[in-house]
Amino acid sequence: MHAWPASEVPALPGKGRDLQIHDTATQGTITLAPGPVARIYVCGITPYDATHIGHAATYNAFDLVQRVWLDTKRQVVYVQNVTDVDDPLLERALRDNQDWTELAERETALFREDMTALRMLPPQHYIGAVEAIPGIVPLVERLRDAGAAYELDGDVYFSVESDPNFGKVSNLDAEAMRLLSAERGGDPDRAGKKNPLDPMLWMAARPGEPSWDGGSLGRGRPGWHIECVAIALDHLGMTFDIQGGGSDLAFPHHEMGASHAQVLTGEFPMAKAYVHAGMVALHGEKMSKSKGNLVFVSALRRAGVDPAAIRLALLSHHYRADWEWTDEVLAEAVARLERWRAAVSRPDGIPADDLVEEVRGALSDDLNAPAALAVVDRWVERQIATDGDDESAPGLVSRTVDALLGVAL
Ligand code: 5CA
Ligand code: ZN
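Residues numbered from 1 in each chain as written. Chains lettered and ligands numbered in written order. Predicted model: local features only at pLDDT ≥ 70, side-chain atom pairs only at ≥ 80, totals over all residues. Heavy atoms only, no water.

A. Just the sheet that holds strand 13 (residues 285–286), in detail. Strand order in the open sheet formed by three strands is 13-12-14, and the pairing between neighbours is mixed. Edge positions in the sheet fall to strand 13 and strand 14 (323–324), since each of these pairs with one other strand and no more. (Pairing = 2+ DSSP bridges. Helix = DSSP H or I, 4+ residues; strand = E, 2+ residues; numbered from the N terminus.)

Structure representation (structure tokens):
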């Protein structure tokens, strides 16, 4: 699939710092020092509805990762998927009596527009589940041939017991795993499974549903976790730097993915850091397509909200925090954007060399975007209150905010 156009990232004087980031698997902060090429896989959308603020917040976190790495003069290989065939997408298409491929294409196109408007840097490889099927089938066959998968009425399940490291990504107890499995696409109550948590690798064709040739697996469609493993291994190989998503993906999605990869390659972990963004809520509940309590990025844009203000609203919360979207959050961001623009539009100003280093310091410290905003706020206050004579300062602040925070002033 094609991704979306990249906005240019200005080069800053000096060099950025290595990223320290919280890793869900080891439950601590680790310093990532990739080689000249940093590799990241971020789980993409299931395109059955428009991009909401929760999605945007999660993609914002991983956009910051890219920007920190680019500032260290590394090249970044960024891979993102689109789950363009899965139960929720097919259910929505059926409910609304529309073609599932058209629904997926339309919502993916809107996602690209939203990401472009928000100045999120695009992935180099943007891969749909459907186009990944030829790579998924042989992996499922390998898992089955290794004795790590079994058949149940034509469906193929992964046996979590085949992985000695199962549980080491999300660190949850058995009861929590069971509850989350039922909530997040699993089927722990299906009779005949070896372990209630075992996830599906390949679902045999159902009447009225799309299906593909699965070689020795028969016709069907892929399970969710193997989709991301196949795409990640194909484009990044094993032991890449970060696998990212919202905190609702830690279990089962990233846990199961790590397990599939462990059995396939004999290695753990698939990613050096498992990075999870907090959940954005609306009216006290997690924003989710299934609940319908959503604020869409495209609706805000249509209402005339500057995408740079949306981006500042996202940046005003630490990526790991759970937070609530409110009108005040947006109003504050709109006011901040106005202040920042007024400050950098002055022909000269007070020196900003420290600002670059301080923003770098904040972001390399587990992507502390609120601290980075505070650094810029302090410069802006002084800039508005004082008459400086540093001609290069406003431009340097603009370029820093653009390069490291993705906000065009
Ligand atoms: N296609 C799968 C991943 S392979 C999927 O989870 N799609 S999604 O459309 O449901 O979510 C896309 C991303 O947005 C995921 O990383 C998810 O964790 C994140 N996300 C969903 N809802 C929220 C929310 N309310 N707040 C923050 N992030 C969210
Ligand atoms: Zn995924």
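B. Representation of the sheet that holds strand 6 (residues 149–152) within the structure. Pairing within the open sheet is antiparallel, and its four strands lie in the order 6-7-8-9. The sheet is open, and its two edges are formed by strand 6 and strand 9 (220–222), each paired on a single side. Here the strands of the sheet are splayed against their neighbours by 20° on average, with no regard to which way each runs. Here strand 8 (residues 200–204) runs beside strand 9; their pairing, made up of three bridges, is antiparallel. Bridge pairing links Met203 to Arg221 in strand 9. (Axes fitted to C-alpha atoms, helices over the stretch in contact; angles between N-to-C directions.)

C. Inspection of the coordination of the zinc ion (ligand 2) at higher detail. Looking at the zinc ion (ligand 2), one finds its protein donor set to be Cys43 (SG), Cys228 (SG) and His253 (NE2), positioned 2.0 to 2.2 Å from the metal centre. With four donor atoms in place around the zinc ion (ligand 2) and angles of 102 to 120° between them, the coordination shape is tetrahedral. Within one chain, the residues donating to the zinc ion (ligand 2) are spaced in sequence as C-x184-C-x24-H. Placement of Cys43 in the loop between strand 3 (37–42) and helix 1 (53–71) and of Cys228 in helix 6 (residues 224–236) is noted, with a sequence separation of 185 residues between them. This pair shows no difference in class: Cys43 is buried, exactly as Cys228 is. (Donors = N, O, S within 2.8 Å, 3.2 Å for Na, K, Ca; no water. Tetrahedral: all angles 85-135°; square planar, octahedral: opposite > 155°, others 65-115°. Buried < 20%, exposed > 50% of the residue type's maximum accessible area, 1.4 Å probe, protein only.)

D. View of the site of ligand 1. In the region of ligand 1, 24 residues are neighbours, and Gly44, Thr58, Thr83, Asp248 and Lys289 sit closest. Here a nitrogen atom of ligand 1 sits 2.7 Å away from a polar atom, N or O, in the side chain of Thr83. A distance of 2.9 Å separates a nitrogen atom of ligand 1 from a polar backbone atom of Val280. Protein contacts shield 94% of the accessible area of ligand 1, which totals 610 Å² for the unbound molecule. Mapped onto the shell around ligand 1, the elements with two or more residues apiece are helix 1, helix 6 and strand 10 (240–246). (Near = heavy atom within 4 Å. Polar contact = N/O pair within 3.5 Å; in protein donor to acceptor, adjacent residues only side chain to side chain. Areas by Shrake-Rupley, 256 points an atom, 1.4 Å probe, with all protein chains shown as cover.)

E. Representation of the packing of aromatic side chains within the structure. Inspection of the entire model under this criterion finds six aromatic pairs. On the basis of an interplanar angle of 85° and a centroid distance of 5.5 Å, the ring pair of Trp4 and Tyr126 is categorised as edge-to-face. Residue Trp4 is located in the segment before strand 1 (19–23), and its partner Tyr126 is located in strand 5 (residues 125–128); the two are separated by 122 residues in the primary sequence. In terms of burial, Trp4 and Tyr126 fall into one category: buried. Between Trp100 and Trp212, the ring centres sit 6.0 Å apart and the planes meet at 85°, which makes this aromatic pair edge-to-face. A residue pair is termed long-range when its members are at least 10 positions apart, and Trp100 in helix 3 (residues 100–117) and Trp212 in the loop between strand 8 and strand 9 qualify at 112 residues. Here the two residues Trp100 and Trp212 agree in accessibility, since each one is buried. (Phe/Tyr/Trp six-rings, centres within 6.5 Å; stacked < 30°, edge-to-face > 60°.)

F. View of the side chain of Ser170. Looking at the secondary structure, you find Ser170 in the loop between strand 7 (155–158) and helix 5 (174–183). Within the structure, the side chain of Ser170 is placed 2.5 Å from the side chain of Glu255, a separation counted as a polar contact. Not counting the four nearest positions on each side in its chain, Ser170 is found in contact with Ala250, Phe251 and Glu255. (Contact = heavy atoms within 4.5 Å.)

G. Main features of the side chain of Asp84. The residue Asp84 is located in the loop between strand 4 (75–82) and helix 2 (87–95) in this model. For the buried residue Asp84, which engages in no salt bridge, the nearest side chain bearing the opposite charge is Arg112, 8.4 Å off. Separated by 3.0 Å, the side chain of Asp84 and the backbone nitrogen of Ala129 make a polar contact. Apart from the residues lying within four places of it in its own chain, the contact partners of Asp84 are Met1, Pro47, Leu89, Trp100, Ala104, Gly128, Ala129 and Val130. (Lys, Arg positive; Asp, Glu negative; His and termini not counted. Salt bridge = Lys/Arg side-chain N within 4 Å of Asp/Glu carboxyl O.)

H. Seen up close, the pairing of strand 1. Across the five residues that make up strand 1, a large majority, four, are buried. Alignment of strand 1 against strand 2 (residues 28–32), held across five bridges, turns out to be antiparallel. If you follow Ile21 over to strand 2, its bridge partner there is Ile30. Where strand 1 hands over to strand 2, the hairpin turn is made up of four residues, of which Gln27 adopts a positive phi near 55°.

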